Amino acid sequence: MAMRPITFFRAGSIDDAVAAVSANPDSAFLAGGTTEIDLLRLGVIQPTLLVDVNELPLTYLEDTEGGGVRIGAMARMSDVARAPRIVERYPGMSQALLLGASEQLRNMASMGGNMCQRTRCAYFRDGQSPCNKREPGSGCSALTGVNRGHAVLGTSDHCIATHPSDVAVALVALDATIRTIGPDGTNTIPIERFFLRPEDTPSVEHPLAHGELIVAIDVPNVPVARTSRYVKHRDRVSYEFALVSVFSAMRVDDAGNVAELRLALGGVGTVPWRAHRAEEALIGRPATPENVAAAADAEFADARTTPMNEFKVTFAKRAIVRELSEVSS
Amino acid sequence: MSPVLGKPLNRVDGPDKVTGTGRYCGEIVLPGLAYGLIVGASVASGRVVSIDETAARAAGGVYGILTHENTPKVANAPVLIPSLAGNPAPGMSFFPMQDDTVHYWGQPVAVVVADSLEGAAHAAALLDITYESSTPVATIEDGRAAAYEAKTLFGGLMPAHDERGDVAGALAKSDVTIDQTYHYAANHHNPLETGVTTAQWDSDQLTLWNSTMGVRADQLTVARLLGIPLSDIRVITHYVGGGFGSKAMVWPHVTLAAMAARHVRRPVRLALTRPQSFTSNGHREEQEQRIRVGASRDGMLTAIRQEKLAVTSHFDDWAEPATGVSSEIYGCANYLGAHHLIRGNTMTATFTRAPGESLESFTLETAMDRLAYELDMDPIELRVKNHPPVDSHGNPWSSDGLAECLRRGADLFGWADRDPTPGVREDGHYLVGTGVAAAAYPVAFMMPVQRARARIFNDGSAVVQTGAAEFGIGVLTAMSQVGADALGVDMDVLRFEAGDTDLPNTTSAVGSMGATMQSSAVHNAGTTLRNQLVAHAVNDDKSPLHGLATRDVRVESGRMVSTLDPSIGESYADLLQRNRLLDMEALGSWTPPPLDTPHGLFTFGAQFAEVGVDKDLGLVRVRRMLGVFAPGRVLNPKLARSQLLGGMLWGLSQALLEGNQIDRQSGRWALNNLGEYLVPVHADVPDIQVEFVEVDDDVVGPLGAKGIGEVGQVGAAAAIANAVFHATGRRMNELPMTAEVVMNGGGAG
Ligand SMILES: Cc1cc2nc3c(=O)[nH]c(=O)nc-3n(C[C@H](O)[C@H](O)[C@H](O)COP(=O)(O)OP(=O)(O)OC[C@H]3O[C@@H](n4cnc5c(N)ncnc54)[C@H](O)[C@@H]3O)c2cc1C
Ligand code: SF4
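Quantities reported herein were computed from a predicted structural model and do not represent experimental measurements.

1. Quick notes on the overall build of chain A
Assigned secondary structure in chain A consists of 13 helices and 12 strands. The C-alpha atoms of chain A give a radius of gyration of 20 Å, which matches the 20 Å a tight globule of 329 residues would have. Projected onto its principal axes, the C-alpha positions of chain A cover 65 × 50 × 35 Å. When contacts within chain A are restricted to residue pairs at least 6 apart in sequence, those whose partners lie at least 24 apart make up 62%. Put simply, chain A shows about 13,100 Å² of open surface, and 50% of that area lies on carbon and sulfur atoms.

2. A word on the overall build of chain B
Within chain B one finds 16 helices and 33 strands. Computed over C-alpha atoms, the radius of gyration of chain B comes to 27 Å, within 12% of the 27 Å expected from 2.2 N^0.38 for 749 residues, which places it in the range of a compact globule. Over its C-alpha atoms, taken along the principal directions, chain B stretches across nearly 80 × 70 × 50 Å. Scored against the burial criterion, the 749 residues of chain B give a buried share of 64%. Of the contacts made within chain B by residues no fewer than 6 positions apart, 80% connect residues no fewer than 24 positions apart. As displayed, chain B has an accessible area near 25,600 Å², and 50% of this comes from carbon and sulfur atoms.

3. Concerning the site of ligand 2
In the vicinity of ligand 2, 14 residues are found, and the nearest of them are A:Cys121, A:Cys131, A:Cys140, A:Cys159 and A:Ile160. Of the residues belonging to the shell around ligand 2, the class tally is nine nonpolar, four polar and one charged.

4. A few points about the site of ligand 1
Residues and elements named next belong to chain A. Every one of the 30 residues lining ligand 1 counts as a neighbour, but Phe29, Gly33, Thr34, Thr35 and Ser110 are closest to it. Residue Phe29 places a main-chain N or O atom 2.6 Å away from an oxygen atom belonging to ligand 1. Here ligand 1 loses 93% of its free accessible area of 980 Å² to cover by the protein chains. Of the residues contributing to the shell around ligand 1, the split by class is 14 nonpolar, 10 polar and six charged.

5. Some details on helix H7 (residues 252-264) of chain B
Residue and element names in this part refer to chain B. For H7, spanning 13 residues, the distance from its first C-alpha to its last is 18 Å, which sits close to the expected 18 Å at 1.5 Å a residue. Buried within H7 we find Pro252, His253, Val254, Thr255, Leu256, Ala257, Ala258, Met259, Ala260, Ala261 and Val264. In the stretch just after H7, Arg265 is the one whose phi turns positive, near 55 degrees.

6. Some points on the pattern of salt bridges
Applying the stated rule across the entire model yields 56 salt bridges over all chains. Measuring nitrogen to oxygen at the nearest pair gives 3.1 Å for the salt bridge that ties A:Asp157 to A:Arg304. Of this pair, A:Asp157 sits in the loop between helix H8 (122-125) and helix H9 (167-173) while A:Arg304 is found in the loop between helix H12 (289-299) and helix H13 (311-328), placing the two residues 147 residues apart along the sequence. Taking relative accessible area as the criterion, A:Arg304 reaches 39% and is therefore assigned partly exposed. In this structure, B:Glu691 engages B:Arg408 in a salt bridge whose closest nitrogen and oxygen atoms are separated by 3.3 Å. Of this pair, B:Glu691 sits in strand S32 (residues 687-692) while B:Arg408 sits in helix H10 (residues 402-413), and the two are 283 residues apart along the sequence. B:Arg408 sits in the partly exposed class, given a relative accessible area of 33%. Overlapping salt bridges bring together A:Asp175, A:Arg262, A:Arg274 and A:Glu279 as one network.

7. With respect to the nonpolar core
With 85 residues, the main nonpolar core has B:Leu371, B:Ile720 and B:Met737 as its most contacted residues. Take this core: its biggest share by element is nine residues, from helix H15 (residues 716-728) of chain B.

8. Details of the interface of chain B and chain A
Listed per partner, the contact involves 32 residues of chain B and 33 residues of chain A. Buried area between chain B and chain A, both sides added, is near 2,800 Å², and the carbon and sulfur share of it is 60%. Counting the surface chain B buries against chain A, the share from its top three residues, B:Leu617, B:Glu740 and B:Met743, is 17%. Remark: the boundary between chain B and chain A carries four salt bridges. Across the contact surface, chain B and chain A share 14 residue pairs in polar contact (both at pLDDT 80 or more).

9. Here's the deal with the pairing of strand S23 (residues 494-497) of chain B
Residue and element names in this part refer to chain B. Covered by surrounding structure in S23 are Leu494 and Phe496 only, the residues Arg495 and Glu497 on the alternate face being uncovered. In terms of strand pairing, strand S22 (residues 462-465) meets S23 through four bridges, oriented parallel. The partner of Val463 across the bridge, within S23, is Arg495.

10. Overview of the side chain of B:Asn505
Within the secondary structure, B:Asn505 is located in the loop between S23 and helix H12 (514-539). Apart from residues lying up to four places away in sequence, B:Asn505 is in contact with B:Arg216, B:Val449, B:Gln450, B:Arg451 and B:Thr466.

11. Examining the sheet that holds strand S8 (residues 213-219) of chain A
Residues and elements named next belong to chain A. If you trace the five strands from one edge of the open sheet to the other, you get S4-S5-S8-S6-S7, paired in antiparallel fashion. Among the strands making up the open sheet, the edge pair consists of strand S4 (61-63) and strand S7 (185-190). In this sheet, adjacent strand axes meet at a mean angle of 20 degrees when their direction is disregarded.

12. Structural notes on the UniProt feature "domain: Aldehyde oxidase/xanthine dehydrogenase a/b hammerhead" (unreviewed entry) in chain B
The feature "domain: Aldehyde oxidase/xanthine dehydrogenase a/b hammerhead" (unreviewed entry), as given by UniProt, occupies residues 19-135 of chain B in the numbering adopted here. This span, residues 19-135 of chain B, is 14% helix and 30% strand, and a straight line between its end C-alpha atoms measures 50 Å.

13. With respect to the sheet that holds S32(B)
Residues and elements named next belong to chain B. On the basis of which strands lie adjacent, the open sheet formed by five strands has the order S19-S20-S28-S29-S32 and mixed pairing. If you trace the sheet from one side to the other, it starts and ends with strand S19 (426-427) and S32, each paired once. Looking at chain direction, S19 and strand S20 (residues 430-442) are connected through two bridges and run antiparallel. Across the sheet, the residue bridging to Asp427 is Tyr430, located in S20.

14. Examining unusual backbone geometry
In this chain, B:Leu735 is followed by B:Pro736 through a cis amide linkage whose omega measures -5 degrees. At A:Ala101, a residue that is not glycine, the phi angle is positive and equals roughly 50 degrees. Relative to the assigned elements, A:Ala101 resides in the loop between helix H5 (91-98) and helix H6 (103-108). Located in the positive-phi region is B:Arg265, a residue other than glycine, with phi close to 55 degrees. Within the secondary structure layout, B:Arg265 lies in the loop between H7 and strand S15 (268-271).

Scoring rules and cut-offs
- Residues numbered from 1 in each chain as written.
- Chains lettered and ligands numbered in written order.
- Predicted model: local features only at pLDDT ≥ 70, side-chain atom pairs only at ≥ 80, totals over all residues.
- Heavy atoms only, no water.
- Helix = DSSP H or I, 4+ residues; strand = E, 2+ residues; numbered from the N terminus.
- Rg over C-alpha atoms; globule rule 2.2 N^0.38 Å.
- Contact = heavy atoms within 4.5 Å.
- Areas by Shrake-Rupley, 256 points an atom, 1.4 Å probe, with all protein chains shown as cover.
- Buried < 20%, exposed > 50% of the residue type's maximum accessible area, 1.4 Å probe, protein only.
- Near = heavy atom within 4 Å.
- Nonpolar A, V, L, I, M, F, W, Y, C, P; charged D, E, K, R; others polar.
- Polar contact = N/O pair within 3.5 Å; in protein donor to acceptor, adjacent residues only side chain to side chain.
- Expected span 1.5 Å × (residues − 1).
- Salt bridge = Lys/Arg side-chain N within 4 Å of Asp/Glu carboxyl O.
- Core = buried A, V, L, I, M, F, W, Y, C linked by side-chain atoms within 4.5 Å.
- Buried area = accessible area lost by both parts, 1.4 Å probe.
- Pairing = 2+ DSSP bridges.
- Axes fitted to C-alpha atoms, helices over the stretch in contact; angles between N-to-C directions.
- UniProt positions renumbered as here; feature names shortened; annotations may be inferred.

Printed below as a string of structure tokens:
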């Protein structure tokens with residue numbers, strides 16, 4: 001438990017919020033606080049100024065031209081999960097939200113905050129162990145430590161932390177766009193470019209400038225997503241991050257071949273993992289168990305494992321095979 | 001039939017708890033209260049080189065900082081002895097901040113006291129501590145080569161080696177043998193309320209409000225460590241948010257709170273943070289067990305050899321015993337139980353619910369299931385056949401019931417229809433199976449004389465007192481019932497007082513002995529007072545009962561009546577008022593039977609479980625559990641059911657979720673919060689049924705009540721593992737049985 005004197009500022013407008021954070025290198029936005037306050041107390045982050053964005057008019061959910069949905073950054077997870085247009089158009093996204101955290105947390109947690117939530121790697125969160133993400137250059141304790149929950153895809157020699165979000169898995173599969181307003185104006189970032197792999201700078205997780213505020217997430221019109229699904233596998237039945245999760249949306253043509261497929265994985269990657277290789281391997285072919293298994297093999301061909309987390313590869317492949325067999329039948 | 005005893009009454013403390021008016025020890029508000037926070041070592045092996053307090057002191061609001069440089073030396077070195085024995089009961093033979101050595105990660109190296117908890121935390125973060133550190137030895141893998149066989153456990157209270165007959169010879173001659181090795185992850189208790197102490201000095205007199213399972217042990221321990229008379233220290237605890245063994249012993253933070261309060265000359269509240277609760281009150285140690293079992297073709301056991309290897313601290317030969325049940329529950333002429341230890345950089349492990357019995361029975365009861373398959377016998381028949389009428393010394397059980405529990409459970413669970421073939425029942429993605437295990441938990445008469453007091457006022461109201469602690473077990477309710485029954489008064493005129501060393505002594509409620517010993521003392525106090533009042537009445541020539549023999553008087557709702565003619569009688573109140581007595585009171589005491597009582601002493605039970613195992617992903621989901629137990633007299637079936645059900649859930653949790661490990665590089669527990677250290681949530685909790693088998697026991701105390709706090713956990717994990725085998729054909733030799741353990745075929749082996 002670490003406690004430090006801190007300044008709290010409730011921003012009345014987007015411009016105020018951006019200006020306040022931009023002006024102070026030790027500041028951070030505060031949304032629902034379900035990640036931010038935890039990390040403050042744990043001594044993992046040490047901002048001296050918190051800029052509260054809860055009053056900003058960013059809780060909306062609205063249709064965009066072309067049939068997509070724009071989700072305000074301050075919309076709460078529980079509201080988004082139950083919004084009829086989300087449930088109808090992107091059921092897999094609704095499920096991903098409802099399978100995340102707990103109802104109490106979802107009532108506080110914002111969509112923008114969810115995009116910026118930090119890894120659950122225990123060495124990162126203890127505020128003390130060597131950790132390149134928390135303290136660049138200090139080393140990675142997880143590489144040879146307790147790493148059962150760590151990532152097997154997208155890792156580097158500097159960090160193997162898993163990205164914890166569920167809904168982000170749905171959003172990468174749906175090709176969402178992150179909209180921001182920063183000190184240099186507005187910006188739109190395709191979601192797969194928003195989540196950065198650790199490579200040799202694990203402390204840099206997003207391309208956001210300091211003080212750049214997420215204002216909305218745009219989800220395009222994706223007809224196939226109307227039958228999308230999200231399954232989350234974990235040790236305990238509820239209230240736990242994923243061991244492995246699978247988002248899928250698939251359309252099979254009259255000839256029985258996969259015409260469209262959006263497949264993404266949680267719990268296995270350093271970023272919410274769009275399974276591009278598996279998608280490519282299956283498009284135009286029937287989703288037989290053999291073909292799906294081969295596609296899953298392709299996705300995990302470059303997996304890097306440790307003795308403690310190598311089970312995740314088999315686990316995830318089986319989960320993909322099961323999911324796509326069920327969706328196709 | 002008593003109108004109160006044995007009734008499923010609601011908790012008397014329910015309203016206090018749900019309205020928030022019940023005060024826990026971290027909620028005691030005192031004028032000038034200061035807040036202490038422990039700073040734990042961030043290395044596991046080495047020494048403190050320097051502590052720079054400059055920045056911390058400059059932070060403002062800091063009243064004082066204790067480190068090894070200014071902490072007073074303890075008056076007497078702590079010596080570990082279980083609190084049930086009624087002695088001083090430090091959790092380990094070590095007290096921190098006496099020198100600069102660091103033995104384990106999280107060992108207290110400083111206590112910061114400030115005017116607010118936030119201020120203390122801020123100052124604590126500003127303490128600049130440097131260490132010299134060396135590579136820790138903290139896991140079995142680190143220290144295997146240096147293992148030794150322990151001679152005694154529990155500070156010498158128990159032999160570590162138990163042997164009879166010729167095990168090697170018998171194993172060599174057995175028709176069938178089993179030889180298996182198991183690995184079990186460490187467990188942490190995680191009661192909702194972490195350890196917390198509020199300490200206040202009034203010149204030389206110390207009052208502690210401590211979250212504890214026994215106020216007397218706190219008083220004895222702190223008095224000894226501080227070198228002050230027992231009469232100068234009072235310990236109070238009204239409500240405790242769970243213990244599960246973590247508050248059975250008296251850990252350093254309790255005495256540190258008293259030292260800190262003396263240092264800053266103010267009352268101090270010192271609470272462990274959740275992460276600190278993983279390094280401050282012991283744990284169930286990581287362990288490896290090996291069992292060898294021999295049997296004849298007709299299913300009689302010929303030999304059992306059970307051994308355990310675990311890591312202990314630098315200070316104590318501590319191991320939760322792995323052989324107390326396996327040496328007794330089945331008759332077996334050739335038996336060997338042994339404990340091997342590794343000294344490492346951990347604190348001394350401690351009692352964790354069903355300490356020893358839960359894992360030892362996992363080993364034994366999964367081995368029995370293997371044996372049943374080897375012999376092609378029903379696992380219930382195998383157990384019944386081998387359960388003897390006497391213990392290993394030839395003494396009869398004080399009360400038994402194991403076979404009845406197994407058979408009753410079999411009926412209720414639908415065992416008769418079971419096809420034993422493993423791996424053949426499918427339900428969607430799941431393979432389904434059922435399993436059984438036997439349960440036993442000892443009745444341990446280690447405690448000294450127990451005492452209680454009963455008082456009747458001249459308006460007919462009553463107070464019954466004993467120094468027990470209510471840590472969620474229902475003692476306030478059950479003892480109110482026992483007191484009302486003994487006195488012959490209604491529940492609503494009786495108040496039961498507990499949780500204070502100023503009250504008559506009862507020992508810490510540990511080892512499932514609380515109900516037995518407290519009810520015996522309370523019963524004796526109540527009946528002594530009742531007899532005193534009845535004697536007064538029959539000798540009082542103004543009483544309508546004058547001249548009757550005392551045995552011809554009974555008491556109902558505070559009214560003494562003639563059993564010959566119930567219209568003749570008078571109330572306690574009338575008797576007292578007429579005689580100008582404001583009240584009458586009696587002390588009652590209960591002396592436990594001697595340790596060599598010629599009886600086998602256990603609570604027995606049977607566990608059944610049905611599981612679905614995801615056939616691809618290895619995830620185990622429990623579908624239903626049934627436990628049948630024979631605890632003797634049940635004081636309150638509603639409370640008893642909660643205790644047993646809680647124990648079964650602990651078993652489920654131990655089977656599937658709970659496991660901690662020490663990070664080998666740093667020597668630190670890998671998991672230190674409830675987000676990562678998993679315990680079941682509601683969705684994990686299946687349909688659980690608890691049933692009782694009635695047995696009479698006139699050895700264990702005047703009421704015949706045996707313990708129920710822990711037996712509910714014993715065998716639960718084994719029943720689940722046996723069900724996993726029945727579902728999948730895979731044997732589980734590792735706990736917890738996580739997805740990868742199941743996918744990879746069961747671990748250890
Ligand atoms: C016990 C627990 C269990 C959880 N389980 C799950 C789970 O199963 N699945 C899952 O997906 N998540 C889970 N979470 C994570 C939870 O979803 C996130 O904490 C939450 O979404 C963060 O949102 P917030 O509004 O609380 O953000 P905050 O905590 O306020 O902020 C998080 C970060 O985002 C930044 N930030 C916030 N808003 C913006 C913005 N508009 N623009 C730029 N930066 C911003 C903050 O500065 C901070 O760095 C769990 C959390 C907890 C505590
Ligand atoms: S995995 Fe990443 S977050 Fe975890 S210790 Fe290594 S660098 Fe830090």
